[in-house]
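Structural features, examined
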Amino acid sequence: MNSLLTVKILGVAKNQSKGSYTMYELEVSGSILEPYVLYKRYSEFLTLHTNVLKLVKTDDKLKQLQANDELIIPEFPKKQMNKNSSKVIEDRQHKLQFYLRTLLKSECLCQTDLVMDFLAVPRAWKHLIAPSDEEKRKIKQQNERQEQ
């Protein structure tokens, strides 16, 4: 896993109101982020997965990384019968944890708006995690000046 973003699924919370569902409690942290917690449903993970697959098909850099086995998109945990049983929820939690950690091993994918929005990375931190080309150029120029 890269040091930009790390995610740990701490547990689950069940919503018993209309149409009960399970929320996964995620702790997001990183080399420059204070840890924070957010909650995601399985359907949100599935949407992320679908969009990652679409992004990889259309982004030349990600496509090349995948072809070179430098970007691995793991198999997504399938829907199961008896989805509210403790065993199914625990199994899915472990699989979603593995899924996220595998995705975040790729710094390029980690820096996409898609992943940062899913993880609700604060706007103020986005430019530090994924600097624009202009910001990268400025940093490079500053480093070159310091070396002289």
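What counts and what doesn't
Residues numbered from 1 in each chain as written. Predicted model: local features only at pLDDT ≥ 70, side-chain atom pairs only at ≥ 80, totals over all residues. Heavy atoms only, no water. Helix = DSSP H or I, 4+ residues; strand = E, 2+ residues; numbered from the N terminus. Contact = heavy atoms within 4.5 Å. Polar contact = N/O pair within 3.5 Å; in protein donor to acceptor, adjacent residues only side chain to side chain. pLDDT = per-residue confidence, 0-100. Disulfide = S-S within 2.5 Å. Buried < 20%, exposed > 50% of the residue type's maximum accessible area, 1.4 Å probe, protein only. Salt bridge = Lys/Arg side-chain N within 4 Å of Asp/Glu carboxyl O. Patch = residues over 30% accessible without salt bridge, like charges linked within 9 Å, V, L, I, M, F, W, Y side chains within 5 Å. Areas by Shrake-Rupley, 256 points an atom, 1.4 Å probe, with all protein chains shown as cover.

Notes on the environment of tyrosine 36
- Among the secondary structure elements, tyrosine 36 is positioned in strand β3 (residues 33-41).
- In sequence terms tyrosine 36 and valine 121 are 85 residues apart; their C-alpha atoms lie 9.3 Å from each other.
- Apart from residues lying up to four places away in sequence, tyrosine 36 is in contact with Leu26, Glu27, Val28, Leu119, Ala120, Val121 and Pro122.
- A distance of 3.4 Å separates a polar side-chain atom of tyrosine 36 from the backbone oxygen of alanine 120.

Describing the confidence of the model for the protein
- Confidence in the prediction for the protein averages 82 pLDDT; 76% of positions are at 70 or higher.
- Helix α1 (residues 42-58) holds the highest mean pLDDT among the elements of the protein, 94, whereas helix α7 (residues 133-147) holds the lowest, 63.

Observations regarding the state of the cysteines
- Per the counting criterion, the structure on display carries 0 disulfides.
- Summary of cysteine pairing: cysteine 108 is not part of a disulfide, and the nearest cysteine sulfur, belonging to cysteine 110, is at 9.8 Å.
- Residue cysteine 108 is classed as partly exposed on the basis of its relative accessible area of 24%.

Thoughts on the pattern of salt bridges
- For the coordinates displayed, the defined rule picks out 3 salt bridges.
- A salt bridge links lysine 78 to glutamate 75; the shortest N-O distance between them is 3.3 Å. Pair check on accessibility: lysine 78 and glutamate 75 agree, each one exposed.
- Notably, a salt bridge pairs lysine 95 with aspartate 91, separated by 3.1 Å at the nearest N-O pair. Here lysine 95 pairs with aspartate 91, and both are found in helix α3 (residues 86-103), just 4 residues apart, close to one helical turn.
- Residue lysine 95 is classed as partly exposed on the basis of its relative accessible area, which comes to 39%.

With respect to a nonpolar patch on the surface
- Taken together, Leu10, Val37 and Tyr39 make up a surface patch of nonpolar side chains, about 260 Å² in accessible area.
- Examined against the element boundaries, leucine 10 turns out to sit in strand β1 (residues 6-15).

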